[in-house]
Amino acid sequence: QAADRVMATIAPLARIVFVPLFFTYSGLNTKFGLLANPGLLGFAALAVVVAIVGKLGACWGAARTAGEPKPIAARIGILMNGRGLMQLIAINVGLQVGIVSSELFSVLVLVALVTTIMTAPLLTWYERRAERNGTLDAADTPEIAADVVLS
């Protein structure tokens, strides 16, 4: 109960002050000018592709292994692909302790940005495609599925 009150008090402050400060700090550490180097830009493009295939594919595969139908697994993969905040935290720590170079930091920030920004449009596209193809089943949508189970 006390912990809930503390969290209710602190959470708005964190969302309003600390999260934007963290993103600003990350942005100030990023040197996107380094990506003008063709070799580094090629590595960045490859890193984006590998990150998307790795995160989306692994989460899709894990969901399928856990018995989820393909449409739910696809949604899980799409949504988990956008977990850039955790990546930013890790690479900021790596930069501070000298494990990550400025070049690698900039590439990984780009990966976090691309995978995070693409999540909503990709999910919207997937939902519209499923609706258009008639493959959007009530049981495929978690909110509707919960209503069906509860009724």
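For the structure, check the block above.
Quick caveat: nothing in here was measured; it's all calculated off a predicted structure.

What follows deals with the packing of aromatic side chains. Under the definition given, this model contains one aromatic pair. With 5.8 Å between their ring centres and 65° between their planes, Phe22 and Phe23 make a pair best called edge-to-face. A residue is classified by how much of its surface remains accessible, and Phe22, at 21% relative accessible area, is partly exposed. For Phe23, a relative accessible area of 40% puts it in the partly exposed group.

What follows covers helix H5 (residues 102-117). An ideal rise of 1.5 Å per residue puts 22 Å on 16 residues; H5 measures up with 22 Å between its terminal C-alpha atoms. Taken together, the buried positions of H5 are Phe105, Ser106, Val107, Val109, Val111, Ala112 and Thr115. Structurally, H5 contributes buried residues whose contacts are with helix H1 (2-29), helix H2 (38-65), helix H3 (70-81), helix H4 (84-97) and helix H6 (119-132).

Here we take up the pattern of salt bridges. It is possible for side chains bearing opposite charge to pair when their charged atoms get close. What the rule picks out here adds up to one salt bridge. The salt bridge involving Arg75 is made with Glu127; its shortest N-O contact spans 2.4 Å. Here Arg75 is found in helix H3, whereas its partner Glu127 is found in helix H6, with 52 residues between them in sequence. A residue is classified by how much of its surface remains accessible, and Glu127, at 22% relative accessible area, is partly exposed.

Time to look at H4. Taking 1.5 Å of rise per residue, the 14 residues of H4 would be expected to cover 20 Å, and the 20 Å separating its terminal C-alpha atoms lies within 8% of that figure. Considered for burial, the residues of H4 that qualify are Gly84, Gln87, Leu88, Ile91, Asn92, Gly94 and Leu95. An end-on view of H4 places all buried positions within 160° of arc, on one side of the element. In H4, the exposed positions angled more than 90 degrees off the buried face are occupied by Gln96 and Val97. On its buried side, H4 packs onto H1, H2 and H5. In the segment just after H4, Gly98 is the residue with positive phi, at about 85°.

Of all hydrophobic cores here, the largest spans eight residues; its members are Leu35, Leu40, Ala44, Ala47, Val48, Ala51, Val107 and Val111. For this core, the secondary-structure elements that each account for two or more residues are H2 and H5. No other element matches H2, which puts five residues into this core. Once residues lying within four places of it in the same chain are set aside, the contact partners of Ala47 are Val107 and Val111. Formed by seven residues, the second largest nonpolar core is a distinct cluster that contains Leu88, Phe105, Val109 and Ala112.

Reading the values: the criteria
Residues numbered from 1 in each chain as written. Predicted model: local features only at pLDDT ≥ 70, side-chain atom pairs only at ≥ 80, totals over all residues. Heavy atoms only, no water. Phe/Tyr/Trp six-rings, centres within 6.5 Å; stacked < 30°, edge-to-face > 60°. Buried < 20%, exposed > 50% of the residue type's maximum accessible area, 1.4 Å probe, protein only. Helix = DSSP H or I, 4+ residues; strand = E, 2+ residues; numbered from the N terminus. Expected span 1.5 Å × (residues − 1). Contact = heavy atoms within 4.5 Å. Salt bridge = Lys/Arg side-chain N within 4 Å of Asp/Glu carboxyl O. Arc of directions from axis to C-beta. Core = buried A, V, L, I, M, F, W, Y, C linked by side-chain atoms within 4.5 Å.

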